[in-house]
Amino acid sequence: DELLHECFRKEKSRALREPAPFARQTGYETEIPHEKLTIAQARKGTPAQRPVRVYADGIFDLFHSGHARALMQAKNVFPNTYLIVGVCSDELTHKLKGYTVMTEDERYEALRHCRYVDEVVRDAPWTLTPEFLKKHKIDFVAHDDIPYTSAGSEDVYKDIKEAGMFVATQRTEGISTSDVITRIVRDYDIYVRRNLQRGYTARELNVGFIKENKYRLQNQVDKMKETVRTVEEKSKHFVNRVEEKSQDLIHKWEEKSREFIGNFLELFGPDSTWHAIQERSGRMLQALSPYSSPRGSPHSSPTRRRSVSPDSLPSSASPPSSPSSPKKRNRSSVKAASGY
């Protein structure tokens with residue numbers, strides 16, 4: 001077990017540092033005897049120096065997650081698996097299946113850099129022969145179990161299944177190379193316009209003069225629409241900010257108003273501090289001032305009271321004033337002067 005773990009660790013470390021190697025043209029060569037395994041033996045586990053050699057093949061055009069998931073399943077079908085991936089050439093693929101987007105070299109490199117792949121076989125055969133299986137010491141072949149009709153055969157894996165060398169993987173729904181290409185074809189105009197914007201020429205995109213100008217005009221219209229949309233969004237954002245500010249100011253004004261009214265009532269209300277101060281001031285003034293008589297008695301004030309002695313009172317027996325007093329004489333003289 002320790003040797004097996006060490007082997008896995010070294011293999012994982014290599015996979016992280018460098019891509020998977022290509023298979024030799026002469027096939028797999030080893031000094032260790034390569035005895036045929038049954039599925040039961042493979043699932044039980046094999047010695048570290050004798051991994052189970054599993055083969056998976058395909059076109060792998062526009063390498064995507066569906067491809068990677070299938071290879072992950074093939075890699076983990078047994079405890080100790082060495083995964084060999086065969087990639088068909090452009091010539092064979094174009095002849096038997098159709099035109100590819102990626103070249104064969106691009107597809108080879110995509111597989112070499114997949115973490116589950118241990119070895120890549122270039123120019124893989126369309127139908128597996130006993131000679132090919134023996135050359136690469138293949139124990140089992142992994143693929144989804146849907147019959148693959150091609151090259152005049154109802155199922156190219158029929159012989160492999162009958163020999164007990166087939167292990168099934170599950171397809172990933174919703175993703176395939178055909179689906180990706182369908183999306184591109186469906187939105188062809190969008191991608192052409194995008195690439196024109198990115199600097200590709202009409203010749204590189206295989207677009208005529210009229211279509212090129214049509215796409216460029218559409219790009220200008222889209223830019224104008226985007227500008228208008230941006231201005232509208234900014235305007236809405238500005239209006240929203242003004243509304244938020246207004247609401248905030250109104251809220252603050254209401255708070256300040258309530259605070260002012262509360263302070264005013266606290267200071268000048270019926271039970272206010274101002275009334276208490278006035279009341280205390282009145283008491284203090286009353287305490288400091290002398291006693292005052294009721295209104296209408298000006299001579300009853302203590303400050304104006306004087307002690308009246310009997311000698312100061314006028315005598316009741318004194319004779320009345322003489323008619324020829326100075327005051328009367330003065331009045332007579334005034335009348336005489338005025339001609340009366």
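Above this text sits the structure in question.
Residues numbered from 1 in each chain as written. Predicted model: local features only at pLDDT ≥ 70, side-chain atom pairs only at ≥ 80, totals over all residues. Heavy atoms only, no water.

Asks: Can you help me understand the overall build of the chain in this one?
Replies: Within the chain, the secondary structure is distributed over 12 helices and five strands. By the burial criterion, 27% of the 340 residues in the chain qualify as buried. Counting contacts in the chain only where the partners sit at least 6 residues apart, residues at least 24 apart contribute 69% of the total. When the accessible surface of the chain is totalled, it reaches about 25,500 Å², and 55% of it is carbon and sulfur. (Helix = DSSP H or I, 4+ residues; strand = E, 2+ residues; numbered from the N terminus. Buried < 20%, exposed > 50% of the residue type's maximum accessible area, 1.4 Å probe, protein only. Contact = heavy atoms within 4.5 Å. Areas by Shrake-Rupley, 256 points an atom, 1.4 Å probe, with all protein chains shown as cover.)

Asks: What's the story with the pattern of salt bridges in this structure? I'm lost.
Replies: Pairs can form between side chains of opposite charge whenever their charged atoms are close. One pass over the full model with this rule turns up 12 salt bridges. With a shortest N-O distance of 3.5 Å, Asp144 and Arg171 are connected by a salt bridge. Of this pair, Asp144 sits in strand E4 (residues 140-144) while Arg171 is found in the loop between strand E5 (166-169) and helix H8 (177-186), placing the two residues 27 residues apart along the sequence. Note on Asp144: relative accessible area 11%, which makes it buried. (Salt bridge = Lys/Arg side-chain N within 4 Å of Asp/Glu carboxyl O.)

Asks: I'm lost on the sheet that holds E5 in this one. Help?
Replies: Through backbone hydrogen bonds, the strands of a sheet pair up, either in parallel or in antiparallel fashion. The strand order E3-E2-E1-E4-E5 describes an open sheet built from five strands, whose pairing is parallel. A single partner strand is all that each edge strand has here, and the edge strands are strand E3 (119-122) and E5. Direction aside, neighbouring strands of the sheet carry axes that sit 30° apart on average. Most of the contacts of helix H3 (residues 65-75) go to strand E2 (residues 81-87), to which it runs at about 145°, and overall it touches strand E1 (52-58), E2, E4 and E5. Set on the sheet, helix H5 (residues 104-112) makes contact with E2 and E3; between it and E2 the angle comes to about 170°. (Pairing = 2+ DSSP bridges. Axes fitted to C-alpha atoms, helices over the stretch in contact; angles between N-to-C directions.)

So yeah, pure geometry; function would need other evidence.
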